[in-house]
Amino acid sequence: MPYFPRVRGWVRCLPRAEAGCLARPESMRILSPIDGNDRVRDLVASPAHEFYCGLLPPEHVARFTPMYSLNRRSFVSCSFPDMETLRAAAAQVLAAGKKLFVAFNAPFYQEREYRTVLDAARVVEADGLSGLILSDPGLMAFLRASGITLPFAAGVDTGLLNAAGIRFLEAAVGLRRVILDRCFSLREVTDIVASAPGLEYEVIVSNSYCKNVDGFCRHVHGLNAAGNVDDFANRMIPCWYPHTVEVMEAGDPERGESLARFLEAASRVPYGGCAACALPELQAAGVGFAKLAVRGFPTERKLADIRFFAECIELAARGLHPEEYRAEARALHERFLQAGCRATECYYG
Amino acid sequence: MAEKGPGRAILANTLPQLETFFRNRADALLGRYGEQAARNAFKPVDGLWFGVEFCVHRMPATEHIFSAADHALRKGMRLTLVTPYAAGRDLDLLWDNVRPVLAEKDVVQRVTVNDWGMLARVRQHFPRIPVYLGRVLNRQRTSPQLVDLLEKPQSLPRDFWDYAGTCAADNARFAAWLKSIGVAGSEQDNPEQGVRPVRHRLARVLHWPWVYVTTTRRCGYGNYTGDAHGAAAAPLLQPVVLPARCGRQCEGYLHELSVKEFGVGLVLNGNTQFYFNDQLPEDLSRFQFVVEHCHVPC
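Residues numbered from 1 in each chain as written. Chains lettered and ligands numbered in written order. Predicted model: local features only at pLDDT ≥ 70, side-chain atom pairs only at ≥ 80, totals over all residues. Heavy atoms only, no water.

Caption draft 1: Seen up close, the overall build of chain A. What chain A contains, in helices and strands, is 11 helices and nine strands. Taking 20 Å as the expected radius of gyration for a compact globule of 349 residues, we find that chain A reaches 20 Å, a close match to that expectation. Dimensions of chain A, computed from the C-alpha atoms along their principal axes, are close to 60 × 50 × 50 Å. The 349 residues of chain A split such that 61% are buried. Excluding contacts between residues fewer than 6 apart, the proportion of contacts in chain A whose partners are at least 24 apart in sequence is 71%. Split by element, the accessible area of chain A, about 12900 Å² in all, is 52% carbon and sulfur. Here chain A contributes 39 positive and 41 negative side-chain charges, whose respective centroids are spaced 5 Å apart. (Helix = DSSP H or I, 4+ residues; strand = E, 2+ residues; numbered from the N terminus. Rg over C-alpha atoms; globule rule 2.2 N^0.38 Å. Buried < 20%, exposed > 50% of the residue type's maximum accessible area, 1.4 Å probe, protein only. Contact = heavy atoms within 4.5 Å. Areas by Shrake-Rupley, 256 points an atom, 1.4 Å probe, with all protein chains shown as cover. Lys, Arg positive; Asp, Glu negative; His and termini not counted. Charge placed at Lys NZ, Arg CZ, Asp CG, Glu CD.)

Written out as structure tokens, the structure is:
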């Protein structure tokens, strides 16, 4: 007997993944963002299989600034400003037979914004879009109780770090997909997917390397170094700014100083993020979806990432020796992204 | 409760911290926390929070938790067992550690959880023990950058500052959902921008004075190579996955982190960063407890 109350009604509406409605793809599928000012046609025509987007109306921005965004991106340029332009982009995606998810994945909301999200979710559902990316479990429960039956993907900020947590939330609100945090080793990813079967799993493979447990981080990403809001081009990623480190307490003073130098050096690692070399292992583990965390970047950057990872996924299917695969993947990185890869970019290095 | 004000509790994660606190209450706190602590120093302590919130590798051993519970009983209190988030199979190790304590009748008054999986297990196996949602899962805006912006608050709209003073459990619908899954209370930070006077149906606990900012599994101490001259090349930190790398080598060390763009310095204890804010809100009537940190939490 379940020990958590199920939200009334939704259980009858959602088929579970193992019923065959969502057969695990044989090779990973690429999920790309679509922003409000992207060339939607070019993205839809690319090898990307699925897309995700956000909504951030100007009236909300005027009231709260983008730092209290309706999704995880705290910049206006990363989202659509209204449902009309979002729906126009969605129509192009759906016409091409591809999927579009809408992200309302801010870590928490005030009560008023739950209603804002519900109103948008009703339009999303009526339009036949593919699902919602959410990170606030209370919002998930609220939407289900309000009659939303769209598939839910639990975003990284949900803070699901183990199979027990995934199974709990799946039973409580009904999940279709889990987007895994970037804090796991490859072995842990394999273990979690095996321990909580029956769901789709997605990992971030490009950009946005997070040094912390993303879902539990309280840093703000919406400011530049001068403390100004909504400047994507000069945005400050707080955890990536070099730190000066001093000893405050040390059992062994010499070791304390050595640790301080080590921590300083670790804080100076350049920002990036790539999981291309781990694609064969991720796919073997049962991860079906590769997410490009490049919201806010120009369409050309998105297209380059899509093409790079599409090639890597095809390469991974050839069953090459791991060293051979990685050498080829690095060559593809140079070709598509016009830059050699750096070991410090590796998510699963 | 509104007339009496909140109870006073302390958070410790080792037995020596507990012993030091009860032996030297005023001195230990004055040295760290200043006048406000001194004003509280002679109020009776009503509760003991024992355990860790952020690092499963620093969770006290089962026998130490039992000792802390005995200590609490001798002082006329019962124990709130504080548990951290736990990734992957770390949850099983954590569960094996705390389960014997939870299974003993009347040892633990409540459990603070910072992990959804841990919440599920406690509710399934020990449904009679009240559960509080810890700081990790009760989201808040505690960025040090906001501290800098407080010097020019008019640069951001009033509605943003109102939002920045809230936590997830201030949302009545979120609190209602928590209650529906058996959560009885929520714990939160005391950031520089303040906390909003929202009443809600859950018991509320305020942590003081170390404000949690961020936490990592890519622990610097766990990745430290022991090079006496520091790293020759900038290292890419890997997740610390037991049993390979963690021998609690962070114990006994605290480091201050400075970034000139931040309005406040950070202190790193193990895998988690905090900033210090010793100014309590004027109105504490909404809170069941104010939990004072014996040491920088972990």
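Okay, back to it.
Caption draft 2: Main features of the environment of Phe21(B). Mapped onto the elements of the fold, Phe21(B) is located in helix α1 (residues 15–23). Separated by 272 residues in the primary sequence, Phe21(B) and His293(B) place their C-alpha atoms 10.0 Å from one another.

Caption draft 3: Main features of the sheet that holds strand β6 (residues 177–180) of chain A. Residues and elements named next belong to chain A. Read around the closed barrel, eight strands run β1-β2-β3-β4-β5-β6-β7-β9, paired in parallel fashion. Across the sheet, the mean angle from the axis of one strand to that of its neighbour is 30°, orientation sign disregarded. Pairing of strand β1 (residues 29–33) with strand β2 (residues 50–54), which is carried by three bridges, proceeds in the parallel orientation. The partner of Leu31 across the bridge, within β2, is Glu50. (Pairing = 2+ DSSP bridges. Axes fitted to C-alpha atoms, helices over the stretch in contact; angles between N-to-C directions.)

Caption draft 4: Representation of the confidence of the model for chain A within the structure. Overall, the predicted model of chain A reaches an average pLDDT of 90, with 93% of residues at or above 70. Confidence drops under a pLDDT of 50 for residues 1–25 of chain A, and excluding neighbours within four residues, the segment shows 40 contacts in the predicted structure. (pLDDT = per-residue confidence, 0-100.)

Caption draft 5: Region of interest: the interface of chain B and chain A. Counting residues at the interface gives 88 residues for chain B and 85 residues for chain A. Overall, the association of chain B and chain A removes approximately 7500 Å² of surface from exposure, summing both partners, and the carbon and sulfur fraction of that is 61%. Interface area lost by chain B to chain A is led by Arg139(B), Arg173(B) and Tyr224(B), which between them contribute 10%. If you look at where chain B meets chain A, you find five salt bridges. The closest approach of N and O atoms between Glu111(A) and Arg173(B), which form a salt bridge, is 3.7 Å. If you look at where chain B meets chain A, you find 34 residue pairs in polar contact (both at pLDDT 80 or more). For the side of chain B that touches chain A, the secondary-structure elements that each account for two or more residues are α6 (116–125), α7 (144–149), α8 (158–164), α9 (172–180), β8 (210–215), α10 (220–223), β9 (253–258) and β10 (266–269) of chain B. At seven residues, the largest contribution of residues to the side of chain B that touches chain A is made by α6(B). Among the residues making up the side of chain B that touches chain A, the classes are represented as 42 nonpolar, 27 polar and 19 charged. (Buried area = accessible area lost by both parts, 1.4 Å probe. Salt bridge = Lys/Arg side-chain N within 4 Å of Asp/Glu carboxyl O. Polar contact = N/O pair within 3.5 Å; in protein donor to acceptor, adjacent residues only side chain to side chain. Nonpolar A, V, L, I, M, F, W, Y, C, P; charged D, E, K, R; others polar.)

Caption draft 6: Region of the structure containing the pattern of salt bridges. Tallying each qualifying case throughout the model produces 34 salt bridges over all chains. Taking the shortest distance from any N to any O, the salt bridge between Arg8(B) and Glu292(B) comes out at 2.6 Å. Residue Arg8(B) is located in strand β1 (residues 7–12), and its partner Glu292(B) is located in strand β12 (residues 289–293); the two are separated by 284 residues in the primary sequence. With respect to burial, Arg8(B) and Glu292(B) carry one shared label: buried. Across the pair Asp189(B) and Arg135(B) runs a salt bridge whose closest N-O atoms are separated by 2.5 Å. Residue Asp189(B) is found in the loop between β6 (183–188) and β7 (203–208), and its partner Arg135(B) is found in the loop between β5 (131–133) and α7; the two are separated by 54 residues along the sequence. Among the charged side chains, a network of salt bridges with common partners joins Glu50(A), Arg177(A), Glu200(A), Glu202(A) and Lys291(A).

Caption draft 7: Examining the sheet that holds β9(B) more closely. Overall, antiparallel pairing links the five strands, which are arranged β8(A)-β9(B)-β10(B)-β11(B)-β8(B) in an open sheet. Strands at the two margins of the open sheet, each flanked by one partner only, are β8 (244–250) of chain A together with β8 of chain B. Looking at each pair of strands side by side, their axes are set apart by 30° on average, direction ignored. In terms of strand pairing, β10(B) meets strand β11 (residues 272–276) of chain B through three bridges, oriented antiparallel. Residue pairing across strands places Val267(B) opposite Phe274(B), the latter belonging to β11(B). Along the sheet, helix α8 (residues 253–266) of chain A contacts β8 of chain A together with β9 and β10 of chain B; its crossing angle with β8(A), the most-contacted strand, is approximately 155°.

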